[in-house]
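Next come the chains, spelled out residue by residue.
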Amino acid sequence: MPTPLEKWVHQQAELTKPDRIHWCDGSEEEARWLMKVGMEQEKINGSPVFYLLNQNTWPHAYLHRSHPTDVARTEHLTYVCHPDKETAGPNNNWMEPEKAKKMLTNLSNGCMRGRIMYVLPYMMGHPDSPFAKACVQITDISYVAVSMRIMTRMSKKVIKKIGNRDDFVKGLHSVGDFNPEKRFIMHFPDEHFVWSIGSGYGGNALLGKKCFSLRIASWLGYNESWLAEHMVIMGIEDPEGNITYVTAAMPSACGKTNLAMMESALPGYRVWTIGDDIAWLNIGPDGNLYAINPEIGFFGVAPGTSSKTNPNMVKTLKGQNFYPTLFTNTALNIQTNEPWWEGFDVPAGDNMADWQGKAWVPSSNKPAAHPNSRFTVSIYNTPTLSREFDNPKGVPISAIIFGGRRSKLLPLVVEAFSWQHGVFIGTRSGSETTAAADHQVGVLRRDPMAMLPFCGYNMADYFRHWLRMGSKMKNPPKIFSVNWFRTDEDGNFLWPGFGENIRVLKWIIDRINNRAGGRETPIGIVPRPEDIETSGIDISKEKLEKLLSVDTREWKDEIQDIKKFLDSFGRKMPSEILAEYQKLYNQCV
Ligand code: OXD
Ligand code: MN
């Protein structure tokens, strides 16, 4: 008798018609074979999937060049197919599930002809964790198989674990013919199923990541009383050796990965990394909130990464273990056969290929690496890896931080008055756009809890769920907001950022332990200049005052904009959030 898993794989093969099926076991030998297939057999646009890089300077590193139309997540082609539109909410594209499946069945018919179908059994979370989920993804490209092996705990043991169950998490992925017209990333939350076609890009194709661990997991969390969040998890060690665990949610281009593995500028303080992208938060038997990172790798943005901005990531990328390291759409120094990107430690060489493999002309003003070029690397390489990383229970969370990039208005750090007030801060958080993407620079985009592209159901219900979670905890974490990006009148950053951000984290952990002062303002508790540790840093009192100032007159426009945003969720918006809004309005207007 075939198991439900075998039956499911067989059905997908009947539809997609691969030349053969390979069940992956996650072994090192298999990884070597996959790299060989990618270098010698499979092609994208007529070129190999992988190129071997300089193994002396970049051990186990390979370059991957994607299809030129396939370089980022495609939110407009991403759908969450709940039975009704209201459940998906105004924050998601929606299609009726049967209609979506019919369309995808047509697009998938024979899409793996001439290709290998890889069956990837993997766990999100440590296999011994009560919060872990057993998953299987099918794909038809070695790049995705290898990437999933770096990012997840892939092993044939998962097949045993699934046994005769059919409630495992399913993902069906094919690159199709990379045609953007035939590209869709469809989620079926009630079936724990993701169906993705036409793209090999990480967020669209590594289905354990954004698709399952955020969109579908957020829906599971809503129904099962936990949270799946777009958050960093880190431990902050103080000079006495105590470690306080915090999570932080930030939209892209706010330095989330740099924060997760920060090299502290304050003597005696250290940051320990648990995750840089996804946190699953559960209430433990003691009534406290615990976090696990369901992943075991980083899929990070290369441009801007250097020994100055993130020395621990450079060490991670140059580290050695049996996981390969992939560089996707970076430039290549042809002389040295090394990857390169804008902002890296060394200048570009004289003979460079751009991210598409074409000769790069520096005077062309085009970047050599794609602005969204990425690395995929094992978290076990990182020198700052927390010793709790593999703890199946997770780590107890004392603070939740919401960040964003705001040139004005928002102080360096604010503590919420209560859980409810903190949730309101999360709902109104957002970030100004940067030049890294091709939209207007400096435009504010609200992105509640940094989850707008990843919440797999109606965000108004999600806010209600956050409020409910707070009332279920014995000691809910304190909630804070941070903003490293406030500028002076000339547009210069007021705060040095990077390793100096530890001073803000110190205030946060001191507040948790009742060791630091602050003043009450209409938007929350803000440190006074003397509450921030400034030994060893050259910052004027004037700058610090500006960084920590709250000017209610400046908040008038902001308040109007917040209201417009909250109203976009209609009548489902929880009254508690509207009450917090009203309090803010009364104090500032
Ligand atoms: C990511 C993202 O790739 O948030 O992590 O877009
Ligand atoms: Mn992310």
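Residues numbered from 1 in each chain as written. Chains lettered and ligands numbered in written order. Predicted model: local features only at pLDDT ≥ 70, side-chain atom pairs only at ≥ 80, totals over all residues. Heavy atoms only, no water.

**Q** Lay out the site of ligand 1 with the relevant residues and their values.
**A** In the vicinity of ligand 1, the residues found are R73, K210, H230, D277, R374 and F454. Note that an oxygen atom of ligand 1 is positioned 3.0 Å from one of the side-chain N or O atoms of K210. A distance of 3.2 Å is found between an oxygen atom of ligand 1 and a side-chain nitrogen or oxygen belonging to H230. Surface burial for ligand 1 is 86%, taken as the share of its 210 Å² of free accessible area covered by protein chains. Tallied by class, residues from the shell around ligand 1 come to 1 nonpolar, 1 polar and 4 charged. (Near = heavy atom within 4 Å. Polar contact = N/O pair within 3.5 Å; in protein donor to acceptor, adjacent residues only side chain to side chain. Areas by Shrake-Rupley, 256 points an atom, 1.4 Å probe, with all protein chains shown as cover. Nonpolar A, V, L, I, M, F, W, Y, C, P; charged D, E, K, R; others polar.)

**Q** Could you give an account of the environment of R374, with specific residues and numbers?
**A** Summarising the element assignment, R374 is placed in strand β24 (residues 374-378). Judged by its relative accessible area of 16%, R374 falls in the buried class. Linking R374 and Y222, residues 152 residues apart in sequence, is a C-alpha distance of 31 Å. When sequence neighbours within four positions are dropped, the list of residues in contact with R374 reads Y201, F299, G300, V301, A302, L326, F327, T328 and T330. Within the structure, the side chain of R374 is placed 3.3 Å from the side chain of Y201, a separation counted as a polar contact. A polar contact is formed between the side chain of R374 and the backbone oxygen of F299, at a distance of 3.0 Å. (Helix = DSSP H or I, 4+ residues; strand = E, 2+ residues; numbered from the N terminus. Buried < 20%, exposed > 50% of the residue type's maximum accessible area, 1.4 Å probe, protein only. Contact = heavy atoms within 4.5 Å.)

**Q** Explain the packing of helix α2 (residues 28-40) against helix α5 (residues 142-151) residue by residue, including any values.
**A** The contact between α2 and α5 brings their axes to 9 Å, and the two run at 150°. Taken together, the axis directions place α2 and α5 in an arrangement best described as roughly antiparallel. Here α2 runs over α5; the crossing is left-handed. Residues E28, A31, L34, M35 and G38 of α2 touch α5, and the partners they reach there are S142, A145, V146 and R149. The class makeup of the residues in the contact of α2 with α5 is 5 nonpolar, 2 polar and 2 charged. (Axes fitted to C-alpha atoms, helices over the stretch in contact; angles between N-to-C directions. Parallel < 35°, antiparallel > 145°, perpendicular 65-115°, else oblique. Left-handed = near helix turned anticlockwise from the far one by under 90°.)

**Q** Break down the domain arrangement of the protein for me, with residues and values.
**A** Each assigned domain of the protein is listed here: domain 1 (4-47 + 71-224), domain 2 (228-296 + 388-588) and domain 3 (298-381). When each unit is reduced to the centre of its C-alpha atoms, the spacing between domain 1 and domain 2 is 32 Å. If you look at the interface, domain 1 gives 38 residues, while domain 2 gives 32 residues. Carbon and sulfur atoms supply 58% of the area that domain 1 and domain 2 bury against each other, a total of about 2,900 Å² over both sides. Taken together, the links from domain 1 to domain 2 amount to 5 salt bridges. For the salt bridge of E295 with K209, the shortest nitrogen-to-oxygen distance reads 2.9 Å. Counting every contact that joins domain 1 to domain 2 gives 22 residue pairs in polar contact (both at pLDDT 80 or more). Broken down by secondary-structure element, the contributors of at least two residues to the side of domain 1 that touches domain 2 are α3 (85-88), β7 (116-124), α5 and α8 (208-224). Counting residues per element, the side of domain 1 that touches domain 2 draws most heavily on α8, which supplies 11 residues. Considered class by class, the residues forming the side of domain 1 that touches domain 2 number 16 nonpolar, 12 polar and 10 charged. (Domains from an automatic or database assignment. Buried area = accessible area lost by both parts, 1.4 Å probe. Salt bridge = Lys/Arg side-chain N within 4 Å of Asp/Glu carboxyl O.)

**Q** How would you sum up the packing of aromatic side chains? Please name residues and give values.
**A** Evaluated as defined, the whole model comprises 30 aromatic pairs. Pairing W58 with W341 gives two aromatic rings, centres 6.2 Å apart and planes at 65°, and the pair type is edge-to-face. Of this pair, W58 sits in the loop between β4 (51-52) and β5 (61-64) while W341 sits in the loop between β22 (338-340) and β23 (352-353), and the two are 283 residues apart along the sequence. Of the residues examined, W58 reaches a relative accessible area of 1% and is grouped as buried. On the basis of relative accessible area, W341 is assigned to the buried category, the value being 0%. Seen in terms of ring centroids, W58 and F344 are 5.9 Å apart; in terms of plane orientation they differ by 45°. Their pairing is tilted. (Phe/Tyr/Trp six-rings, centres within 6.5 Å; stacked < 30°, edge-to-face > 60°.)

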